[in-house]
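# Commentary on secondary and tertiary structure
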Amino acid sequence: MPDKPSVIRETDNDARRQARILLRGARFAAIGVIDPETRFPSVSRVLLGSDIDGAAVILVSGLSAHTKALTADGRTSLLAGEPGKGDPLAYPRLSVQCTAEPVERDSETHLRLRTRFLARHPKSALYIDFPDFRFFRLVPRSASLNGGFGRAYLLSEDDFIIGNPSGNLFKNEQKTLLDLGERFPNLASRIAMELHKAPSGKWAFCGFDSQGIDIIYKDLLVRHEFSAPIRTQEQLFLELPNSAYAVP
């Protein structure tokens, strides 16, 4: 008998791009952990942030069950992708297996993640500095992407790596975003509303990496991917206006 055709497509740049958008464009996700007492899977919901290298970031209380589970066993999974009207299985979704890395509070990594997380989730200022709260970096190891009917892909750790630009692009990320907003006051809203058909509002840039930039308005988040990876601030300041003002 002839072999049945595989339902898994070859992973290409379009699949990698969609996976980044689903993971880095998510404000929250379902997280699966291994309960240290029962050894059964346990699922909860977490707010998501992101680091500049492709890792997802969560801020969790030491009192929560999933924090205790991650401390005992760092293997975890995330499910990202929100359904809309109609069949929820018709919408893209991404399931990522990760390794959780705890972040020390007095480290440079903690300072960077705190700044990025607050920019994405301003309301977290109410508890982000509580002594029992901590960050975990969730480093992708493998993933399953369902991009829609007949579009299934398997991704590896390498598919999620986002290269760090050379120079000082991330030394003062928030200042760079403020400068960008001052130079182009309506740019964030134009990209969100005209390129991504987001609702009308006063959108603002909240974080970026070499592959794309995140834009927020109230409880909404849009991930905008660059046409090519950026390496310098000059490239960033050229890429975004060129994208926005190419819209008719």
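Residues numbered from 1 in each chain as written. Predicted model: local features only at pLDDT ≥ 70, side-chain atom pairs only at ≥ 80, totals over all residues. Heavy atoms only, no water.

### Some points on helix 3 (residues 108–120)
An ideal rise of 1.5 Å per residue puts 18 Å on 13 residues; helix 3 measures up with 19 Å between its terminal C-alpha atoms. Listed as buried for helix 3 are H110, L113, R116, F117, A119 and R120. (Helix = DSSP H or I, 4+ residues; strand = E, 2+ residues; numbered from the N terminus. Expected span 1.5 Å × (residues − 1). Buried < 20%, exposed > 50% of the residue type's maximum accessible area, 1.4 Å probe, protein only.)

### Observations regarding the pattern of salt bridges
Pairing is possible between side chains of opposite charge, provided their charged atoms come close. Scanning the entire structure with this criterion turns up 20 salt bridges. Here R20 makes a salt bridge to E225, at a shortest N to O gap of 2.6 Å. A residue pair is termed long-range when its members are at least 10 positions apart, and R20 in helix 1 (residues 13–24) and E225 in strand 11 (residues 220–225) qualify at 205 residues. Residue class for R20 comes out buried when judged on its relative accessible area of 12%. The partner of R223 in a salt bridge is D209, with the nearest N and O atoms 2.9 Å apart. In this pair, R223 sits in strand 11 while D209 sits in the loop between strand 9 (204–208) and strand 10 (212–217), placing the two residues 14 residues apart along the sequence. Here R223 falls in the buried class, since its relative accessible area comes to 4%. (Salt bridge = Lys/Arg side-chain N within 4 Å of Asp/Glu carboxyl O.)

### A short note on the pairing of strand 7 (residues 133–146)
Relative to strand 7, strand 4 (residues 56–61) runs antiparallel, the two sharing 6 bridges. Paired with A56 across the strands is L138, a residue of strand 7. Note: strand 6 (residues 93–102) against strand 7, 10 bridges, orientation antiparallel. When the sheet's bridge partners are listed, V96 is paired in strand 7 with A143. As paired strands, strand 7 and strand 8 (residues 152–156) are joined by 5 bridges and run antiparallel to one another. Opposite N146, over in strand 8, you have A152 as the bridge partner. Hairpin connection between strand 7 and strand 8: a loop of 5 residues separates the two successive antiparallel strands, and G148 in this loop has a positive phi of roughly 130 degrees. (Pairing = 2+ DSSP bridges.)

### Quick word on the packing of helix 5 (residues 187–195) against helix 6 (residues 233–244)
Put simply, helix 5 and helix 6 touch, their axes get as near as 9 Å, and they point 45 degrees apart. When the interaxial angle is binned, helix 5 and helix 6 end up oblique. Judged by the twist between their axes, the crossing of helix 5 over helix 6 is left-handed. Residues L187, R190, I191 and L195 of helix 5 touch helix 6, and the partners they reach there are L240, P241, S243 and A244. For the contact of helix 5 with helix 6, the class distribution of residues is 6 nonpolar, 1 polar and 1 charged. (Axes fitted to C-alpha atoms, helices over the stretch in contact; angles between N-to-C directions. Parallel < 35°, antiparallel > 145°, perpendicular 65-115°, else oblique. Left-handed = near helix turned anticlockwise from the far one by under 90°. Contact = heavy atoms within 4.5 Å. Nonpolar A, V, L, I, M, F, W, Y, C, P; charged D, E, K, R; others polar.)

### Quick look at the sheet that holds strand 11
Within the open sheet, the 3 strands sit side by side as 9-10-11. Their pairing is antiparallel. Every interior strand has two partners, whereas the edge strands, strand 9 and strand 11, have only one. Taking each pair of neighbouring strands and ignoring which way they run, the sheet shows an average axis angle of 30 degrees. Of the strand pairs in this sheet, strand 10 and strand 11 are connected by 6 bridges, and their pairing is antiparallel. Bridging from a neighbouring strand, I216 pairs with L221 of strand 11.

So far we have only geometry, and geometry alone does not tell us how the molecule works.
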